Amino acid sequence: MRARAAHFLALQFIVGILLALQPSDAGSGTRVANKKAIELATEPATADPTRTLAPRHESFLQQVDQLITPTEREVFLALSADYRRDEFVRRFWRVRDPFPETPRNELLDRWEVHLQIAQERYPDLEDARARFLLLHGPAQSTLAAPCERLRELEVWRYARSPLVPHEFSAVFVRRGARFHLWSPSEGLRSLVVWSTALGDHEAALEIQQECSRGEELMAAMSISPDWSRRGEWLPAPNDEWAKSFLARSTELPDGVEAQPVAIDVTYPGRHQSRTVVQAAIGLVASDVTSHERGGRRAVSLLVDGEVVRGEELFDSFRYRFDLPLAPGPAASDPAGGRIAAGEHLPVIVERFLRPGEYRMVLRVQDLLAETVFRADTTFSVPARPVDHAATSPGSGLGLDLKGDDAGAPSPSAAAVLPSEPVVRLRGPSGDLAVGRIRVNALAEGEGIARVGFELNGQPLLSKARAPFDVELDVGRVPRRHVVRAIAYAADGSELAADQVELNAGPHRFGLRLVEPRRGGSYHGVVRAAAEVEVPRLERLDRVEFFLNETLVATLYQPPFVQPIAVPSDLPLGYVRAVGWLENGASVEDIVFVNAPDEVEHLDVNFVELYTTVSDRRGRPVEGLTAEEFRVLEDGRDQAIRRFELVRDLPVHAGVILDLSTSMVDRLVEAREAALHFFEQVITERDRACLMTFNDTYQLVVGFTNSVELLAGGLADLVAEGETALYDSLIQALFYFHGLKGKRALILLTDGEDSRSQYRYEEVLEFARHSRVAIYAIGLGIDYRDVDVRSRLTRLCEETGGRCSFVDSVRELPAVYGSIQQELRSQYLIAYQSDGDGRPGDGFRTVDLRVERGLKARTMRGYYP
């Protein structure tokens, strides 16, 4: 008996190994250069004791008491409007979504189920049993053993819970009116009503001897973790998201008084089913501080806005304006940089709203001073564009579109920019566009006489009446194609255009300036509009608009539309838009304005070669210099522009497993080897995916850095069917399209293709287009199957990967390990192709040579 008690005493203070959820990085990604602006945006919030919470918000705080952090609670209480608190609640759950890759929020779904059970079983959520149930769910079994020596107890037993991945128990003891959660650190004496025992050792013996189910109670309590440390494992994201939420709202920091400013709201046009709403903020140059930039005075403003419909936040947005000013007489304090002239600043925001009643709230910060402006207005959005003077609630601002000869227009009235004809092109749905397809164009606006279509720059046909559509034959093998639709006036001039890219891939990050039109002539104010395509699972940080190399405005959410003042003394210039993802990736587009016909837009092809160098024994070689390499493209020497040995560069790695019937006896070990590879290769910056094939291809888990998700995908695999290797390779390589940087596809197969529609040469050609390194592992392929081995080897060599042949699945960990090591340490050699001006888009061969008798392995060529 004493041995059992001693065993209990040894166990009761052991803390269970608890699953810690990874904190979510939910920072806003906002980049505000001015120090004072940062201080204004991140100043700690203070709850206003005079503010009362709506019942739903009081209930929210009570229900999430165990989850919410002190900073989150402080921010929530500091918010002054219910619609902001409602949006906070939505963001609160979003940042705690354990698997944002899935359409469900698993934590929220589980929490709501647990909440309903807790409210049905217990009088209030202050009861420790209700609070515990919210986190861990109902127990698998419960034990309530009455014993005169013990206080009233409930013992819950779990095989596991969402937070604890192993068997454990929870002990609840009544103290007064409520139950409380007992922790082993409190000791057994806290559970005993009366006893002559001097310590926990004696108390354990008394419980076992005096209570009818004493041994069962002791066994359950022996696996109770130390709940006093529960703060270490409760799911909690980084508090930065809450600070960012407050900073990007229209709340005023404590102690800051805002100056009122007028808003001039107009409705100049339509965008699809919505009305274009432009709000011009009535600021003049003398209201704000300016600074010297590039030989001109300039002002910098940060605008945060909210659009409210009814009682809900309908839209929120952030703009950053860096506006050049015309020369003018300075104020009496030259150091202050004030501009005495009274020009209106082109501070204009544009939103697309449905007809109805709205409220717009704006907070405008002067980034060079402590000045904050605030506007709050209601307006009614009509179904159709209407005259500016008839509807503007803020008319009388003295707005003028003409500008002046000094190069600083006063375009606050850009809110009345006319609506131009538009074309919207829609391609086929689905992953791959092959064979005969149909594309449709929607053309709106006055003056459109016909719509023409182009495929890869070649005219096809034009139509003078709707429906504006065309049927195309894009070939049997997937290729990237650009389809363009152009709206023409009766005189043949181009009014509007749109384009779509076929087979661009699911991860494409693209940006295109749809306005201004290429080759157009503009003075006064030009409307710049960009369309952005963001890869799945990535988040857009911002879009920047430039006039020449001068940053004019930064937008943080769509629509990415911004009026830009074009000085009258600018004979030739360009509008440039740059999009940035939160991970630092960028893409841009440029349109020349007022340009002569001979000015063209040239694409620069920067070729990156990820290269592995080995000696005669196959061992990797480091310490080389750029001078020891020579790059030839189509036999011509190329100048190396970038050279470095890259370690731990972010990797996109895909594993595609053969699940045909012949893999039945090997599947368990193959899964374990693949999981080990994922565990080794994935860091916070990397992404991996899992694909399988037999008769058909399947994407099991998309690109993620969650080993847990990938492990779950591996666990459900079943081997059956035939081998459609070539078809599946095309699908797998296509899944990489749109990604940049180091990409690798690891193929595990034990046989040749037996079912594909595509031929080997078509797969090889598609692999060359993809620029994805293929690492093939031939499992149990007989050495006499020369054709199978040679085809796999060629696929790898042409793409810069390598091929390995093994006889047993026991050899897979070593092969995966060598692939992982190679991906982590390669030379990056980049050059600008001297063939960018050559006509044609045929295959360009690449020959990379290295001195010392070493061997360099990279892709054999590429398609521009």
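Look above for the structure.
Notes on the structure in this doc start here.

What counts, and at which threshold
Residues numbered from 1 in each chain as written. Predicted model: local features only at pLDDT ≥ 70, side-chain atom pairs only at ≥ 80, totals over all residues. Heavy atoms only, no water. Buried < 20%, exposed > 50% of the residue type's maximum accessible area, 1.4 Å probe, protein only. Helix = DSSP H or I, 4+ residues; strand = E, 2+ residues; numbered from the N terminus. Axes fitted to C-alpha atoms, helices over the stretch in contact; angles between N-to-C directions. Parallel < 35°, antiparallel > 145°, perpendicular 65-115°, else oblique. Left-handed = near helix turned anticlockwise from the far one by under 90°. Contact = heavy atoms within 4.5 Å. Nonpolar A, V, L, I, M, F, W, Y, C, P; charged D, E, K, R; others polar. Pairing = 2+ DSSP bridges. Arc of directions from axis to C-beta. Phe/Tyr/Trp six-rings, centres within 6.5 Å; stacked < 30°, edge-to-face > 60°. Salt bridge = Lys/Arg side-chain N within 4 Å of Asp/Glu carboxyl O. Core = buried A, V, L, I, M, F, W, Y, C linked by side-chain atoms within 4.5 Å.

### What to know about helix α10 (residues 240-247)
For α10, the buried fraction is high: six of the eight residues fall into the buried class. Of all the positions in α10, only Trp241, Ala242, Ser244, Phe245, Leu246 and Ala247 are classed as buried.

### Here we look at the packing of helix α12 (residues 667-681) against helix α17 (residues 812-824)
Two numbers describe how α12 lies on α17: the axes approach to 9 Å, and their chain directions differ by 25°. Taken as axis vectors, α12 and α17 run roughly parallel relative to one another. Judged by the twist between their axes, the crossing of α12 over α17 is right-handed. Two secondary-structure elements touch here, α12 through Ala670, Ala673, Ala674, Phe677, Gln680 and Val681 and α17 through Leu812, Pro813, Tyr816, Ile819, Gln820 and Arg824. A class-by-class count of the residues in the contact of α12 with α17 yields nine nonpolar, two polar and one charged.

### What about the sheet that holds strand β11 (residues 348-353)?
In space, the three strands of this open sheet follow the order β6-β7-β11, with antiparallel pairing throughout. The open sheet has two edge strands, β6 (263-271) and β11, and neither has a second partner. Averaged over all pairs of adjacent strands, the angle between their axes in this sheet comes to 25°, without regard to strand direction. Pairing between β6 and strand β7 (residues 274-281): seven bridges, direction antiparallel. Its bridge partner being in β7, His271 is matched across the sheet by Arg274.

### Some points on helix α13 (residues 707-715)
Taken residue by residue, α13 has Leu710, Gly713 and Leu714 as its buried positions. Looking straight down α13, one finds that the buried residues subtend no more than 100° of arc, so they occupy a single side. Turning to α13, the residues buried within the fold contact β32 (651-658), α12, β33 (687-693) and β34 (697-704).

### So, the packing of aromatic side chains
Between two aromatic rings, the relevant description is the distance of the centres plus the angle of the planes. Counting across every chain of the model gives 29 aromatic pairs. Between Phe60 and Phe92, the aromatic rings sit 5.3 Å apart at their centres with planes inclined by 85°, giving edge-to-face as the arrangement. Here the residue Phe60 occupies a position in helix α3 (residues 55-63), and Phe92 occupies one in helix α5 (residues 82-94), the gap between them amounting to 32 residues. The exposure class of Phe60 is buried, given its relative accessible area of 7%. Between Phe132 and Trp156, the ring centres sit 6.2 Å apart and the planes meet at 75°, which makes this aromatic pair edge-to-face. Separated by 24 residues along the polypeptide, Phe132 in helix α7 (residues 128-136) and Trp156 in strand β2 (residues 153-158) bring together distant segments of the chain. Assigned by exposure class, Phe132 and Trp156 land together as buried.

### Some points on the sheet that holds strand β19 (residues 481-488)
Across the sheet, which stays open at both edges, the four strands sit in the order β17-β16-β19-β20 with antiparallel pairing between neighbours. Edge positions in the open sheet fall to β17 (458-463) and β20 (494-502), since each of these has one partner strand only. Each strand axis lies, on average, 20° off the axis of its neighbour in the sheet, ignoring direction. The pairing of β19 with β20 spans eight bridges and is antiparallel. Note on β20: the bridge partner recorded for Ile486 is Ala497.

### A look at the pattern of salt bridges
What the rule picks out here adds up to 64 salt bridges. Here Arg178 and Asp124 are joined by a salt bridge, their closest N and O atoms 3.2 Å apart. Pair noted here: Arg178 is in strand β4 (residues 178-182) and Asp124 is in the loop between α6 (106-121) and α7, with a separation of 54 residues, a long-range link. A relative accessible area of 37% means that Arg178 is categorised as partly exposed. Salt-bridge contacts for Arg784 lead to Asp782; the nearest nitrogen and oxygen are separated by 2.8 Å. You can call Asp782 partly exposed: its relative accessible area is 28%.

### So, the nonpolar core
Residues Phe321, Leu345, Phe379 and Phe545 are the most contacted members of the largest nonpolar core, which totals 54 residues. Per-element tally for this core: the top contributor is strand β10 (residues 312-325), with five residues. Beyond its immediate chain neighbours, meaning those up to four positions away, Phe379 contacts Val265, Tyr267, Val277, Leu353, Gly356, Glu357, Tyr358, Arg359 and Met360. If you look at the next biggest cluster of nonpolar residues, it comprises 41 residues, including Phe76, Phe88, Val95 and Leu115.

### Thoughts on the packing of helix α14 (residues 725-735) against helix α15 (residues 760-770)
A pair of packed helices is captured by two measures, namely the crossing angle of their axes and the spacing between those axes. Contact geometry of α14 with α15 gives a least axis separation of 10 Å together with a crossing angle of 10°. Taken together, the axis directions place α14 and α15 in an arrangement best described as roughly parallel. Residue-level contacts link Tyr726, Leu729, Ile730, Leu733 and Phe734 of α14 to Tyr760, Val763, Phe766, Ala767 and Ser770 of α15. Residues of the contact of α14 with α15, tallied by class, amount to nine nonpolar, one polar and no charged.

### Here's the deal with the environment of Met663
Note on placement: Met663 falls in the loop between β32 and α12. For Met663, a relative accessible area of 1% gives the class buried. Between the C-alpha atom of Met663 and that of Ala719, which follows or precedes it by 56 residues, the distance is 6.0 Å. Residues contacting Met663, with those up to four places away along its chain left out, are Asp658, Ala670, Ala719, Leu748, Asp750 and Leu779.

### Considerations on the environment of Leu848
Within the fold, Leu848 resides in strand β39 (residues 844-850). As for Leu848 and Arg860, which are separated by twelve residues in sequence, their C-alpha atoms are 8.4 Å apart. Ignoring anything within four residues of it in the chain, the contact list for Leu848 reads Thr611, Phe629, Arg630, Val631, Ile829, Ala856 and Thr858.

### Here we look at the pairing of β7
Side-chain positions along a regular strand alternate between the two faces of the sheet. The element β7 is largely enclosed, with a buried count of seven among its eight residues. Between β6 and β7, which pair antiparallel and follow one another directly, the connecting turn spans two residues, one of which, Gln272, has a positive phi of 55°. Of the pairings in the sheet, the one linking β7 to β11 comprises six bridges and is antiparallel in character. Of the residues in β11, the one forming a bridge with Val276 is Phe352.

### As for unusual backbone geometry
Working note: non-glycine residues mostly have negative phi, and peptide bonds are mostly trans. The residue after Ala466, namely Pro467, is reached through a cis peptide bond having omega 5°. In this structure, Pro467 sits in the loop between β17 and β18 (468-473). At the junction of Glu515 and Pro516, the peptide bond is cis and its omega measures out at 0° in the coordinates. Among the structural elements, Pro516 can be located in the loop between β21 (510-515) and β22 (524-533). Phi is positive for Asn548, which is not a glycine, with a value near 55°. As for its placement among the helices and strands, Asn548 is situated in the loop between β23 (540-547) and β24 (550-555). Using a relative accessible area of 23% as the deciding quantity, one classes Asn548 as partly exposed.

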